[in-house]
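Each chain, letter by letter, is given below.
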Amino acid sequence: KDFNLSNEKDAHASDSDENSERGNWSNKADYLLSMVGYAVGLGNVWRFPYLTYQNGGGAFLIPYTLMLALAGLPLFFMECSLGQFASLGPISIWRILPLFQGVGITMVVISTFVAIYYNVIIAYSLYYLFASFQKVLPWSDCFSWADEFCSKTRIVNDCNATFDGQTIHANYSFIISNNLTCLNDTINYKPVQFPSEQYWNKVALQRSSGLDETGNIVWYLALCLLLSWMIVGAALFKGIKSSGKVVYFTALFPYVILLILLVRGATLEGALDGIEYYIGKQSNITKLMEAEVWKDAATQIFYSLSVAWGGLVALSSYNKFHNNCYSDAIFVCVTNCLTSVFAGFAIFSVLGHMAFVSERPVSEVVDSGFDLAFVAYPEALSKLPVSPLWSFLFFFMLLLLGLDSQFATIETLTTTIQDIYPKMMKKLRIPITLGVCILLFLLGLICVTQARIYWVNLIDHFCAGWGILFAAVLEIIGIVYIYGGNRFIEDIEMMIGKKSCFFWMWWRMCWFFITPLLLVAILIWSLVTFSTPSYGSVLYPAWGTAVGWCMIIFCVIWIPIVAVVKIFKAEGNIFQRIASCCRPAANWGPYLECHRGERYSHIVNPKKEKEHEIPTVSGFTY
């Protein structure tokens, strides 16, 4: 029998879908859990607690909450509404404003960079997960891999003491031999490292001296990286239809583990000191006077909510048209931030115990976010009874948190490909998805060399910071000030129904004034206070910083390139060309004809759209 390949069903789509061409989520829970899984990631467990720890403890929750309300939530709601309204991915969505299509490309490029190094961190979690299947955790003591600086406790070097009525300064052996007692606040300790720190650097990372010394590929981490990409590819082989089911486990089970770790942590000696540092009397409220704290709060909101990465637009594009994206945005944002706070209790209770055991203040226990996840917490867990069990649970939680965020990031890339080549994606979704995973695995091999931690830190420092801030600024300016904020509100009301002017008052204040001003201020502040990237005490060479700048330029260069090409291809004088590129494309609007109403009745039927295509620089049609 003859059959037409163009009528083949995409794995995304089923007969019950509202949008039979692109497909829809099987049900609302699939979408919400995928969004929660995308937003709630590794950053909630180590980046948020570390920033809280670094910026005054509980005092940090004040700017964090304000930045959520003033910047994070308004942009989150905007992107969810945008994707759902047009049922398009992060690049094709810029039919709304062709001049700014490069913003969508920037988002996809940044997501690609992040996908490369994010899976490397998942590979670290896999390695530690496998290492936990031992009766004695390999980082619980100074074994054969350790050097002379390795010690489970701090070693006193010298101090002041009272001897024959006089205060003297002597080494500790003299103090002990003469039965003297060190005076308070005069003790100097030898520079030692905990076993977990040396295991992280010497065994897990086999860390080189710096970015200049690339070293060899560490084979066991390369295998862990391959396994992590195999898991991602297997979960996405049918797109949202398969990943939407996997997230029922990967998005929910981490909460069970967090609760178990919190209960165990709360029963440890010194846990109260950690909790008090987190939200209690040890919080440093004076930190709120430092601009850096507010910048950290804003960037953490962006990092955590995944705003301006393109993923929110991609995932929302598979919603049914009349889905209540407003309540979804509120639910996901609140869930994400409550998870961060909840995770903070689990983390700080254990840090308090670690400070108690090592006889140090809580503020001196951790040096960096990576150290929190792979040094401080494993060190504390190694001291507990049945330590392999607690270690397994912790790293299994990190694995699940990383995977569901990675699912959504790769779905962002495949959605972009689907929008460019819809017919090819229908026939070859599985090979294309696997091809994307294989390509990103190969690109990520540089991050499993002995210099890998420096590359991971470099990509995170440049791409995951300024790039998303720059894209977010242009996104909100383009939609609110060029396309029109009030027009965009009318688009949203086509989906969720008419709302009162009081309902929109807050969103108008944020979209028109507060959010863009905040974003611009944070972006400028980040550039003004730029410092050479470093990992711990290791400074990056000049060429490493140059590579970082090249990465960020590669991410944002598409914005002016695409704008120039669009203007060049338009007709009329320069002002007419710019004006035409600032108007929505002829086929901008709801994807399905039944949802267009009178406002978008002019749109060409998608089945006949081929006859009216206007080619662009990226191969899309507008």
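Residues numbered from 1 in each chain as written. Predicted model: local features only at pLDDT ≥ 70, side-chain atom pairs only at ≥ 80, totals over all residues. Heavy atoms only, no water.

Looking at an unreviewed UniProt entry, one finds the protein named Transporter, with Penelope pileata as its source organism. Under the Subcellular location (unreviewed entry) heading, UniProt states for the protein: "Membrane". In its Sequence similarities (unreviewed entry) section, UniProt records this for the protein: "Belongs to the sodium:neurotransmitter symporter (SNF) (TC 2.A.22) family." (UniProt positions renumbered as here; feature names shortened; annotations may be inferred.)

Attention now goes to the domain arrangement of the protein. Interfaces are frequently sized by the accessible area removed from exposure as the parts join. Split by domain assignment, the protein resolves into domain 1 (28-142 + 201-529 + 545-569) and domain 2 (155-191). Using C-alpha coordinates to define each centre, domain 1 is positioned 48 Å away from domain 2. (Domains from an automatic or database assignment.)

Feature annotation in UniProt places "binding site: Na(+) 1" (unreviewed entry) on Gly37, Ala39, Val40, Ser304, Asn336, Leu401, Asp404 and Ser405, given in this structure's numbering. Over a stretch of 369 residues, the named residues converge on one spot in the fold, their C-alpha atoms separated by at most 13.5 Å. Checked against the lining of the largest cavity, the annotated residues reduce to Ala39, Ser304 and Ser405. Of note, asparagine 336 is situated in helix α13 (residues 325-358). Residue classification places asparagine 336 among the buried positions, given a relative accessible area of 0%. In contact with asparagine 336, other than residues within four places in its own chain, are Ala39, Val40, Asn44, Tyr64, Ser304 and Leu305. Along the chain, aspartate 404 turns up in helix α15 (residues 387-420). Given the relative accessible area of 2%, aspartate 404 is considered buried. Each residue touching aspartate 404, except ones within four places of it in the same chain, is listed here: Gly37, Tyr38, Val40, Val247, Thr250 and Ala251. Side-chain polar atoms of aspartate 404 contact the backbone nitrogen of alanine 251, separated by 3.4 Å. (1 Å grid on protein atoms, 1.4 Å probe; cavity = no way out; pocket = protein on both sides within 12 Å on 5 of 7 lines; lining within 4 Å. Helix = DSSP H or I, 4+ residues; strand = E, 2+ residues; numbered from the N terminus. Buried < 20%, exposed > 50% of the residue type's maximum accessible area, 1.4 Å probe, protein only. Contact = heavy atoms within 4.5 Å. Polar contact = N/O pair within 3.5 Å; in protein donor to acceptor, adjacent residues only side chain to side chain.)

Another point: the confidence of the model for the protein. Summary statistics for the protein give a mean pLDDT of 87 and a share of 93% for residues scoring 70 or more. Of the regions scoring below 50 in pLDDT, residues 1-8 engages in 5 contacts with residues more than four places distant in sequence or in other chains. (pLDDT = per-residue confidence, 0-100.)

This part is about the UniProt feature "binding site: Na(+) 2" (unreviewed entry) in the protein. With numbering matched to this structure, UniProt assigns "binding site: Na(+) 2" (unreviewed entry) to Asn44. Counting through the fold element by element, asparagine 44 comes out in helix α2 (residues 42-54). Ignoring anything within four residues of it in the chain, the contact list for asparagine 44 reads Ala39, Pro49, Ser304, Asn336, Thr339, Ser340 and Ala343. At 2.9 Å, the side chain of asparagine 44 forms a polar contact with the backbone nitrogen of glycine 41.

Proximity of charged atoms lets side chains of opposite charge pair with each other. Scanning the model with the defined rule gives 11 salt bridges in all. A salt bridge links aspartate 328 to lysine 28; its shortest N-O distance comes to 3.1 Å. Within this pair, whereas aspartate 328 is found in helix α13, its partner lysine 28 is found in helix α1 (residues 28-39), the two being separated by 300 residues in sequence. A relative accessible area of 3% means that aspartate 328 is categorised as buried. The closest approach of N and O atoms between lysine 383 and glutamate 379, which form a salt bridge, is 2.4 Å. Taking relative accessible area as the criterion, glutamate 379 reaches 0% and is therefore assigned buried. Ionic contacts of the salt-bridge type, sharing partners, join the residues Glu490, Asp491 and Arg599 into one network. (Salt bridge = Lys/Arg side-chain N within 4 Å of Asp/Glu carboxyl O.)

Among the nonpolar cores identified, the biggest contains 204 residues, and Phe76, Trp200, Phe374, Phe394 and Trp511 are the most heavily contacted of them. Top contributing element to this core by residue count: helix α17 (residues 452-496), with 26 residues. By size, the runner-up hydrophobic cluster in this structure holds 6 residues, among which are Cys159, Ile175, Leu180 and Cys182. (Core = buried A, V, L, I, M, F, W, Y, C linked by side-chain atoms within 4.5 Å.)

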